[in-house]
Protein chains: 2
Amino acid sequence: MNKITRTADLMVPKVTTGPIAGSRKVYSSPEGHSDVRVPLREIALTDPAEPTFRVYDTSGPYTESDAAIDVEQGLPRIRTSWIEERGGVESYEGREIKPEDNGNVAGAALARDFPNKQKPLRGANGAPVTQLEFARAGIITKEMIYVAHRENLGREKALERAASALANGESFGAAIPEFITPEFVRDEVARGRAIIPANINHPELEPMAIGRNFLVKVNANIGNSAVTSSVEEEVEKMVWSIRWGGDTVMDLSTGRNIHNTREWILRNSPVPIGTVPIYQALEKCGGDPIKLTWELYRDTLIEQCEQGVDYFTIHAGVRLAYIHLTAERVTGIVSRGGSIMAKWCLAHHKESFLYEHFDEICDIMRAYDVSFSLGDGLRPGSIADANDRAQFAELETLGELTKIAWDKGCQVMIEGPGHVPMNKIKINMDKQLAECGEAPFYTLGPLTTDIAPGYDHITSGIGAAMIGWFGTAMLCYVTPKEHLGLPNRDDVKTGVVTYRIAAHAADLAKGHPAAQLRDDALSRARFDFRWQDQFNLGLDPDTARAFHDETLPKEAHKVAHFCSMCGPKFCSMKITQDVRDYAATLNSKEAGMTEMSEKFREMGGNVYVDAEQADAEAIKQSNRSLG
Amino acid sequence: MNKITRTADLMVPKVTTGPIAGSRKVYSSPEGHSDVRVPLREIALTDPAEPTFRVYDTSGPYTESDAAIDVEQGLPRIRTSWIEERGGVESYEGREIKPEDNGNVAGAALARDFPNKQKPLRGANGAPVTQLEFARAGIITKEMIYVAHRENLGREKALERAASALANGESFGAAIPEFITPEFVRDEVARGRAIIPANINHPELEPMAIGRNFLVKVNANIGNSAVTSSVEEEVEKMVWSIRWGGDTVMDLSTGRNIHNTREWILRNSPVPIGTVPIYQALEKCGGDPIKLTWELYRDTLIEQCEQGVDYFTIHAGVRLAYIHLTAERVTGIVSRGGSIMAKWCLAHHKESFLYEHFDEICDIMRAYDVSFSLGDGLRPGSIADANDRAQFAELETLGELTKIAWDKGCQVMIEGPGHVPMNKIKINMDKQLAECGEAPFYTLGPLTTDIAPGYDHITSGIGAAMIGWFGTAMLCYVTPKEHLGLPNRDDVKTGVVTYRIAAHAADLAKGHPAAQLRDDALSRARFDFRWQDQFNLGLDPDTARAFHDETLPKEAHKVAHFCSMCGPKFCSMKITQDVRDYAATLNSKEAGMTEMSEKFREMGGNVYVDAEQADAEAIKQSNRSLG
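Predicted, not measured: the structure shown is a model, and the values here were computed from it.

The rules behind the values
- Residues numbered from 1 in each chain as written.
- Chains lettered and ligands numbered in written order.
- Predicted model: local features only at pLDDT ≥ 70, side-chain atom pairs only at ≥ 80, totals over all residues.
- Heavy atoms only, no water.
- Contact = heavy atoms within 4.5 Å.
- Buried area = accessible area lost by both parts, 1.4 Å probe.
- Salt bridge = Lys/Arg side-chain N within 4 Å of Asp/Glu carboxyl O.
- Polar contact = N/O pair within 3.5 Å; in protein donor to acceptor, adjacent residues only side chain to side chain.
- Nonpolar A, V, L, I, M, F, W, Y, C, P; charged D, E, K, R; others polar.
- Helix = DSSP H or I, 4+ residues; strand = E, 2+ residues; numbered from the N terminus.
- Buried < 20%, exposed > 50% of the residue type's maximum accessible area, 1.4 Å probe, protein only.
- Axes fitted to C-alpha atoms, helices over the stretch in contact; angles between N-to-C directions.
- Parallel < 35°, antiparallel > 145°, perpendicular 65-115°, else oblique.
- Left-handed = near helix turned anticlockwise from the far one by under 90°.
- Core = buried A, V, L, I, M, F, W, Y, C linked by side-chain atoms within 4.5 Å.
- Pairing = 2+ DSSP bridges.

Trainee: Hey, could you run me through the interface of chain B and chain A in this one?
Mentor: Accessible area lost during the coming together of the parts is what is often quoted as the interface size. With 123 residues of chain B in contact, the opposing surface of chain A contributes 123 residues. Taking both partners together, chain B and chain A bury about 10,100 Å²; carbon and sulfur atoms supply 68% of that area. The largest per-residue losses of area from chain B upon contact with chain A belong to B:I451, B:Y455 and B:L484, which jointly make up 7% of the total buried on that side. At the boundary of chain B with chain A, the tally comes to two salt bridges. Our count for the chain B to chain A interface comes out at 20 residue pairs in polar contact (both at pLDDT 80 or more). A per-class count over the side of chain B that touches chain A returns 59 nonpolar, 42 polar and 22 charged.

Here you go:
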């Protein structure tokens, strides 16, 4: 009470910092590229025979041990020199911020503007700007080098193994290499099979690739809405969702303060930020889709291009002629963008202005290297509506638009459903690959049943894992609150972790060369009763530790050679160890069978020992032979 | 303080009673069988145009509105007269309870015995006892009539639809009929493709079927262990897990009071109870696998047969010759039963006594109609060990044992893995069908990655949905605590609901004739903003309602024609409704295009109305046309 309230406490967004439990952030540079510093998360293990384990890291500088985060300053602009070096861009006085950009709010209701803004860049003189243009010109960008190094994590180690994971997997025609070279990245981008979403006005970005021949990625959605939330909450949501593994973040804000909120997010985001520009355009015309115009939309695109948004969802496939195809659906049009465009088309009885002006949209996006995420405005919102004519008619149009965008030099990915029963998932992937020339697919789930509100991270995690296996490049998360409300902090984390599971399960099934290394390391820790290592190698060490502690809270139990499932007197893993010792001796010709049987019987008396007495050394010895 | 503590408060297990939110328990009898009362759960909907919706119900009398539950009395013995009518059984003085049945505890540490016990029954004079024997003899039992009526739920309604769900699904060679007759059930049981686990000493049972051509079922595990839990907790865990949809429950207790705890569970369980008898046998020899004998095991089987256990997990496929195949594994033998048997075999250097005495085991189990659940003691405990020679060698032996058990008149299902990456799941199903003559498969997950301790309900829910689709008849749940600790009340619920999602997603994908009715009803409710109906049609109404209330707690919002995701000013579902109205008019020849465009524009002004003003009638009207 009566404490002094500092302005800083009120104004400065508070974000979560510090390493994830049991790990530290490290940076690694490919040979000859000291300016390419790729972040990794290094998990220390308690067994001296096990090397530290490195994992892909999306969390940005926030998880550095001595993170000096100043959200008012924004993250370091690591890409600025790369962009300037390759040239072809110009700095200019950007579009002036208008009151409607923030919903015409003023005074106390207006979110503070980011204090450290820079003038925007744009492509000039028709020189290459986009990663696709450079790739086609045979130029390997720093972003491509970065991505290759980032994706290669663990592959050298994987190559040491006798059996190739690739041969063991099933990738349904993908072309995953044993090793990723910058040239491979360039080639995939040039062919349109991968994108590196990286607006030249988002130099804070740590580049990443989205493509079927790379690790499966996860997107997390955040956004304020008219009903709840604040600027601070939105920035923290971004930081929170990348902490747990979000590869990209979509800002789906509606309502007020959209512009300023987005600026804070972008300046502090190490991951690509996507938006749906029609949401903001709609706010600018008072929420009435009928009043939308191409000019308003175009102005919004430029506003967001200048801010640094990395990809735009554009529902240009919702054509007038398709709208009536949704009339008999159980759940009609459930995509917000899709329904806005449907309404506009019908009210004016005109073809979609997004479709009509698609060339011009490409020209704008090319100048900043904003990637297309061609929206599936007619995606099914229920099992009943899956794979219907409306959905597939739109997908065919998205294929047509993909080719136009590619011709214009733009990077493209394609959005997919939605609600789809398991038996209808694969046809979505196959049709997308065929119609869209292997442009990366980016799906929402799909949800494999409609009957579990409150658990849609799970109904959709099932579909996401499957479609990821079949070839989807990025999975848009669904939280437990889907259909019910706005996700809170815990929901965001649950959604991201669920989708990391789906993405990893897909990588494993595809035979990604290094994916199984983490499963193996964790399983060795589990078998070896290295509880701390089991927790720390998991996707969420905090939850694993907390769950363990609910039953066995004592610190001593963390090294206990039993788990609470069986209790100290009986443990299957301990017995297995005995079996292994026996089998080893079985192979030695010296010992006769009867002898061994005797020996084992003697040993038996010492099997049920408690943690303190356990022969830790023997188990470790065996584990070494597994490594 | 100083309140009188009644003995009843201390002693009588407290169980959860009362209907699941928004529904009531009803009973339905097939024509001509008034003594076959099949439970259903009827969900009332708020739209007068929507009929009440009936769902399959596993929860027993506990969810009756006026449930008069007396756990000391046990549930009504509904099957006693059926069993007596068909004859061939005798009542006899059962085996005497020995101190070691309860771990030699006495006095206050001994759990109170169930007070209302009956003498056991067993088959006599070689007359048919098992459902398989009756089925083969062409006799349709009351249990088969019960199961047919139970499984048929919704199919009459489904048959009214133009398109067959079966034609729309992919069942990988299953033979799911449009309609289930008692004769179909008999035939499936006779062929060994389905089982009705129903010990003649568990007359409280509400019969259910496990088979590829029936609805996919879910098992929940409960059990006390040396470390924690009490009798009361175990009975409540059973009631709690069937409340949320457990079709069977396995009592995996280790430690003390096993016999008495099991008696309380059985006498109060309307679902089949499974056990792993070797766990109790191990307790009886002081926890030392080497001291196990056939006589001790045999005595334990009879003890549990007399109590009424419906199926036994028996790891008779862990043969001496296979054990060394696990030596190179990352996680060795992780099955408790498997490792006990492996240790015994190696210590004595003898073939498994379960394998050697398999004929005699069959004779015992047949006399009580206890079904086999042939255990996969060599299942993989990590991704690295999936589908290895040890696992498949055991599966081949299980196939051999299946035929022996069938010859003896016993019902059989087969247990499956475990940890399996997505690309290796289907081969498990295909091989099981081939080796085991289509006997029902009963799998634990499988977990599709090892890297998410704390989230293994999800890593395994993915695999469970897939293998259920491929043909697995029952899915053994995995809770979030898997690998970390004992599940609590919330974990059990989460596990069961997750697995109900997996089972339903599988039913949908297989094209089960009536499965999609629930998805459709829920999706209509969702589209119609009938929030209460959306909650109540879901698998967990309480959680759905609580999640919704976190963002929009007011009662008025339950009928709000917007959801918190978009806010009141913009709502895609509202717009879709406008599209639908327009499309309907589009089809009418009277109205010209321009006219309609005008009309729609006028309408537009009224689109953003708040909940109170919304034209609820118009939306309902449209929904009726969907029904």
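Having put the structure on the table, let's press on.
Trainee: Hey, could you run me through the pattern of salt bridges in this one?
Mentor: Close approach of charged atoms allows side chains of opposite charge to pair. According to the stated counting rule, one finds 100 salt bridges over all chains in the structure shown. Of the charged contacts, one joins A:D247 and A:R500 as a salt bridge, the two residues approaching to 2.9 Å between their closest N and O atoms. Taken together, the positions of A:D247 in the loop between α8 (231-243) and β9 (248-251) and A:R500 in helix α19 (residues 489-510) put the pair 253 residues apart, joining distant regions of the chain. Residue B:E351 pairs with B:R319 through a salt bridge whose shortest N-O separation is 2.8 Å. Here the residue B:E351 occupies a position in the loop between α13 (336-348) and α14 (353-356), and B:R319 occupies one in the loop between β11 (311-314) and α12 (320-323), the gap between them amounting to 32 residues. By relative accessible area, B:E351 is classed as buried at 17%. Given the relative accessible area of 21%, B:R319 is considered partly exposed.

Trainee: Sorry, what's going on with the packing of helix α10 (residues 277-284) of chain A against helix α13 (residues 336-348) of chain A here?
Mentor: The packing of two helices is summarised by the inter-axis angle and the distance between the axes. Residues and elements named next belong to chain A. Two elements in contact, α10 and α13, have axes separated by 9 Å at closest approach and are oriented at 50°. Between α10 and α13, the angle falls in the class oblique. As for how α10 packs across α13, the hand of that crossing is left-handed. Packed against α10, whose contacting residues are I278, Y279 and L282, the element α13 presents R336, G337, I340 and M341 at the interface. Here the residues of the contact of α10 with α13 are counted per class, giving five nonpolar, one polar and one charged.

Trainee: What is the right way to look at the nonpolar core in this model?
Mentor: Nonpolar side chains tend to gather and get buried jointly when the protein is soluble and globular. Among the nonpolar cores identified, the biggest contains 254 residues, and A:F372 and B:F372 are the most heavily contacted of them. In this view, B:F372 contacts B:F312, B:I314, B:F358, B:I361, B:C362, B:M365, B:A405, B:C410, B:Q411, B:V412 and B:M413; residues no more than four positions away in its chain are not counted.

Trainee: I'm lost on the packing of helix α9 (residues 258-267) of chain B against helix α11 (residues 294-307) of chain B in this one. Help?
Mentor: Residues and elements named next belong to chain B. Their axes nearest at 10 Å, the elements α9 and α11 cross at an angle of 30°. Comparing the axis directions of α9 and α11 gives the class roughly parallel. The hand of the α9/α11 crossing is right-handed. Of α11, the residues touching α9 (which contributes H259, R262, E263, L266 and R267) are E303, Q304 and Q307. Broken down by class, the residue content of the contact of α9 with α11 amounts to one nonpolar, three polar and four charged.

Trainee: Explain the sheet that holds strand β12 (residues 371-374) of chain A here, please?
Mentor: Sheet strands associate in pairs through backbone hydrogen bonding, adopting either a parallel or an antiparallel arrangement. Residues and elements named next belong to chain A. The strand order β8-β9-β10-β11-β12-β13-β14-β15 describes a closed barrel built from eight strands, whose pairing is parallel. Strand-to-strand, the axes of this sheet are offset by a mean angle of 25°, without reference to chain direction. The strands touched by α8 are β8 (217-222), β9 and β10 (273-275); relative to β8, the strand with the most contacts, the crossing angle is about 160°.

Trainee: Would you mind going over the sheet that holds strand β3 (residues 53-56) of chain A with me for this structure?
Mentor: All names here are of chain A. Strand order in the open sheet made by the three strands is β1-β2-β3, with antiparallel pairing throughout. Both edges of this open sheet fall to β1 (23-28) and β3, since each of them pairs with a single strand only. Within this sheet the neighbouring strands show an average axis-to-axis angle of 40°, counted without direction. Of the pairings in the sheet, the one linking strand β2 (residues 38-43) to β3 comprises four bridges and is antiparallel in character. Looking at the pairing, I43 lines up with F53 of β3. Against the sheet, helix α4 (residues 142-151) makes contact with β1, β2 and β3, and its axis sits at roughly 15° relative to β2, the strand it touches most.

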